[in-house]
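# Fold and geometry: a report
Each chain, written out:
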Amino acid sequence: MRVLFPFFTVIVLVLLAFAGVKMANLHFLFGVIIPYAAITVFIAGFIYRVVGWGRSPVPFRIPTTCGQMESFPWIKQNKLENPSTTLGVIGRMLLEVLFFRSLFRNIKTEFREGPKFSYGSDKWLWMAGLAFHWSFLIILIRHLRFFFLKVPYLIHVTESLDSFLQIGAPLFYITDALILGAVTFLVLRRFLIPQVKYISLAADYFPLFLILTIAATGVLMRYFSKVHIVGVKELAMGLVSFSPAVPEGIGVLFYIHLFLVCVLFAYFPFSKLMHMGGVFLSPTRNLANNNRAVRHINPWNYPVHVHTYEEYEDDFREKMKKAGLPVEKE
Amino acid sequence: MYDSGKIIAGLIVFVLLVTFPFISNMGKASAKPKPSIDTPVINEMAVKKCVEPKEFMRAEHMQLLNNWRDSVVRNGDRIYVNTAGQSYNMSLQNTCMNCHSNKKKFCDECHNYMAVNPYCWSCHIQPKEQPNEQPKENML
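Here's a quick rundown of the structure. Every value quoted in this text rests on a predicted model; they were computed, and no experiment measured them. (Residues numbered from 1 in each chain as written. Chains lettered and ligands numbered in written order. Predicted model: local features only at pLDDT ≥ 70, side-chain atom pairs only at ≥ 80, totals over all residues. Heavy atoms only, no water.)

## Considerations on the overall build of chain A
- Per the secondary structure count, chain A includes 13 helices and 2 strands.
- Relative to the globule expectation of 20 Å for 330 residues, the C-alpha radius of gyration of chain A, 29 Å, shows a markedly less compact shape.
- Expressed along its principal axes, the backbone C-alpha trace of chain A runs to roughly 105 × 60 × 45 Å.
- Classification of the 330 residues of chain A by burial places 38% in the buried group.
- Of all intrachain contacts in chain A linking residues separated by at least 6 positions in sequence, the fraction that spans at least 24 positions is 64%.
- When the accessible surface of chain A is split by element, carbon and sulfur atoms take 70% of a total near 19,500 Å².
- In chain A, 32 side chains carry a positive charge and 20 a negative one; their mean positions are 10 Å apart. (Helix = DSSP H or I, 4+ residues; strand = E, 2+ residues; numbered from the N terminus. Rg over C-alpha atoms; globule rule 2.2 N^0.38 Å. Buried < 20%, exposed > 50% of the residue type's maximum accessible area, 1.4 Å probe, protein only. Contact = heavy atoms within 4.5 Å. Areas by Shrake-Rupley, 256 points an atom, 1.4 Å probe, with all protein chains shown as cover. Lys, Arg positive; Asp, Glu negative; His and termini not counted. Charge placed at Lys NZ, Arg CZ, Asp CG, Glu CD.)

Below is the structure:
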């Protein structure tokens, strides 16, 4: 159920786009209205989620630290794993966001030779995660060529690096193979490792199946069953210049691809995919470990009325003098 | 909101990145590419036909040319028999560019629009047209 429900959801989505375009001729709906709606939901939902996180108070510094904290000058501090300054935090966040530092620490635990518990290095998840995320980013940057009349230099460079093997025509992209391989690994990992399978939910499988289908339809369109690519760019340019027009004869495969991408964008703010924004707001990563050096005041502390000794003495000075008690102020 | 300065700055960066294509195309009319087949050789043809049907050529010409290259360079086979059974000489410069002698108005029209840089001309000699107007961008 946890696998089949998201699996059939993706199939229904594909069929929906196929039927909508091929049979019902709803080109304008699938080519214009749904993309606009999806990008609106994506931006608004993303902001809503991030603001929601921003409203949660962080009363205390809770970084998870993995190295020597700042201490005496003769004890060497690990400035990236246990940062005490903003600069250190920025370095730590860069390592985390760009290279998944914490995933690099991933280990596996196994029973070996009876009741012997052993730990081992397990870099496969880190490698597949890195390959997947970087491929996805490069593919996203490559796709920007559909949205500019004069394509920026950075996009050209990305594309020529990605296709520099010069295999076939149209040129084969390295990231196309990488993303398909990496996502397949990430799916198989949830199928084959019992512990991971046990904790995997429909919300884990759905984005994987969706992204796998998006990548597969993209690969199909580029190498095998080609669509009218100039028409695709005309549609994209119409969308970004707010003068949408649907060119004839693009091909149904493109509309399936586009619809699944729209579903991904619209689904994004409501799902685990929000880790894209969330990684920047993780209090276990983005806070400097300076609990002992800096005073942090709990943001929800309400003002407490205190009656100091000076005030007490002011109230009872005369009585205290009569009783012979010592007073600080005469 | 706590740390609102940093969070709002981050959100502004996010929104600018996502809407960058919209912003940079604001108020620009997009010109569609119109590849021209107005060349002396094509105009003289009684039946204006390429080696394969137009739809096939539009989608698969890069694959066809790649196969031609492999066939000629690696196997020395220069004869292409199309789906209608006619034979053609596999040659970019002598067959393709003989009719489509207007590279700028035909090839480049869509290639520039789609931002693709085919590496045909790093080996082949570019057809000479309008010698006073050299292509500004060096094709990859």
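## Structural notes on the pairing of strand 1 (residues 107-112) of chain A
Residues and elements named next belong to chain A.
- Judged from the 6 bridges that link them, strand 1 and strand 2 (residues 116-121) form a sheet pairing that is antiparallel. Paired with Thr109 across the bridge in strand 2 is Tyr119.
- With antiparallel pairing between neighbouring strands as the criterion, strand 1 and strand 2 make up a hairpin whose turn holds 3 residues, including Glu113 at a positive phi of roughly 50°. (Pairing = 2+ DSSP bridges.)

## Focus: the packing of helix 2 (residues 27-54) of chain A against helix 11 (residues 252-267) of chain A
Residues and elements named next belong to chain A.
- Axis separation between helix 2 and helix 11 bottoms out at 8 Å; the angle between their running directions is 20°. The pairing of helix 2 with helix 11 is recorded here as roughly parallel in orientation. Between helix 2 and helix 11 lies a crossing whose hand is left-handed. From helix 2, His27, Phe30, Gly31, Ile34, Pro35, Ala38, Ile39, Val41 and Phe42 reach across to helix 11, where they touch Tyr255, Leu258, Phe259, Cys262, Phe265 and Ala266.
- Its residues placed into classes, the contact of helix 2 with helix 11 shows 13 nonpolar, 2 polar and no charged. (Axes fitted to C-alpha atoms, helices over the stretch in contact; angles between N-to-C directions. Parallel < 35°, antiparallel > 145°, perpendicular 65-115°, else oblique. Left-handed = near helix turned anticlockwise from the far one by under 90°. Nonpolar A, V, L, I, M, F, W, Y, C, P; charged D, E, K, R; others polar.)

## With respect to the packing of aromatic side chains
- Under the defined criterion, the tally for this structure stands at 25 aromatic pairs over all chains.
- Consider the rings of Phe117 of chain A and Tyr119 of chain A, whose centres lie 5.6 Å apart with planes at 85°: the pair is edge-to-face.
- On the basis of relative accessible area, Tyr119 of chain A is assigned to the exposed category, the value being 57%.
- Each ring, one from Tyr223 of chain A and one from Phe224 of chain A, has its centre 6.3 Å from the other, and the planes form 65°; the classification is edge-to-face.
- For Tyr223 of chain A, a relative accessible area of 15% translates into the label buried.
- Here the aromatic cluster, defined as three or more aromatic residues joined through ring pairs, consists of Phe7, Phe8, Phe191, Tyr205 and Phe209 of chain A.
- Cation over ring: Arg142 of chain A sits above Tyr173 of chain A, and NZ or CZ is 3.5 Å from the ring centre.
- When the ring centre of Tyr113 of chain B is taken as origin, the NZ or CZ atom of Lys233 of chain A, which lies over that ring, is 5.0 Å away. (Phe/Tyr/Trp six-rings, centres within 6.5 Å; stacked < 30°, edge-to-face > 60°. Lys NZ or Arg CZ within 6 Å of the ring centre and 35° of its normal.)

## Notes on the pattern of salt bridges
Residue and element names in this part refer to chain A.
- Going through the model one piece at a time under the given rule, you end up with 13 salt bridges over all chains.
- Arg142 is paired through a salt bridge with Asp162; the nearest N and O atoms lie 2.6 Å apart. Of this pair, Arg142 sits in helix 5 (residues 124-143) while Asp162 sits in helix 6 (residues 153-162), placing them 20 residues apart in sequence. Judged on exposure class, the residue Arg142 and its partner Asp162 are both buried.
- Ionic pairing is found between Arg190 and Asp204, a salt bridge with its closest N-O pair at 3.8 Å. Pair noted here: Arg190 is in helix 7 (residues 174-192) and Asp204 is in helix 9 (residues 202-224), with a separation of 14 residues, a long-range link. The same class applies to Arg190 as to Asp204, namely buried.
- The network of salt bridges with shared partners includes Glu81, Arg101 and Arg105. (Salt bridge = Lys/Arg side-chain N within 4 Å of Asp/Glu carboxyl O.)

## Quick word on the environment of Ala323 of chain A
All names here are of chain A.
- Position of Ala323 among the secondary structure elements: in the segment after helix 13 (309-322).
- Taking the relative accessible area as the measure of exposure, Ala323 reaches 59% and is therefore exposed.
- Taking the C-alpha atoms as reference points, Ala323 and Phe242, 81 residues apart in sequence, are found 87 Å from one another.

## Topic: the interface of chain B and chain A
- Listed by partner, the interface residues are 33 residues for chain B and 43 residues for chain A.
- Carbon and sulfur atoms make up 71% of the area that chain B and chain A hide from each other, which totals about 3,300 Å².
- When the buried area of chain B at its contact with chain A is split by residue, Tyr2, Phe22 and Met114 of chain B rank highest and sum to 20% of it.
- The tally of links from chain B across to chain A stands at 1 salt bridge.
- Measuring nitrogen to oxygen at the nearest pair gives 2.9 Å for the salt bridge that ties Lys226 of chain A to Glu60 of chain B.
- Taken together, chain B and chain A are joined by 6 residue pairs in polar contact (both at pLDDT 80 or more).
- Breaking the side of chain B that touches chain A down by element, the ones donating at least two residues are helix 1 (4-24), helix 3 (54-75) and helix 5 (107-114) of chain B.
- Among the elements that take part in the side of chain B that touches chain A, helix 1 of chain B stands out by supplying 10 residues, more than any other. (Buried area = accessible area lost by both parts, 1.4 Å probe. Polar contact = N/O pair within 3.5 Å; in protein donor to acceptor, adjacent residues only side chain to side chain.)

## Concerning the side chain of Ser84 of chain A
All names here are of chain A.
- Mapping Ser84 onto the fold places it in the loop between helix 2 and helix 3 (86-99).
- With relative accessibility at 13%, the residue Ser84 sits in the buried group.
- Of note is the side chain of Ser84, whose polar atom sits 3.4 Å from the side chain of Glu70.
- Here Gln77 takes part through its side chain, which lies 3.2 Å from a polar atom of the side chain of Ser84.
- Aside from chain neighbours lying at most four places away, what touches Ser84 is Glu70, Gln77, Ala288, Asn289 and Asn290.

## Things to note about unusual backbone geometry
- In this chain, Ala169 of chain A is followed by Pro170 of chain A through a cis amide linkage whose omega measures 0°.
- Considering the arrangement of structural elements, one finds Pro170 of chain A in the loop between helix 6 and helix 7.
- In this model, Gln166 of chain A sits at a positive phi of 50°, which is unusual for a non-glycine residue.
- Among the structural elements, Gln166 of chain A can be located in the loop between helix 6 and helix 7.
- Positive phi is not limited to glycine here, since Asp3 of chain B has a value of about 50°.
- Tracing the sequence through the fold places Asp3 of chain B in the segment before helix 1.

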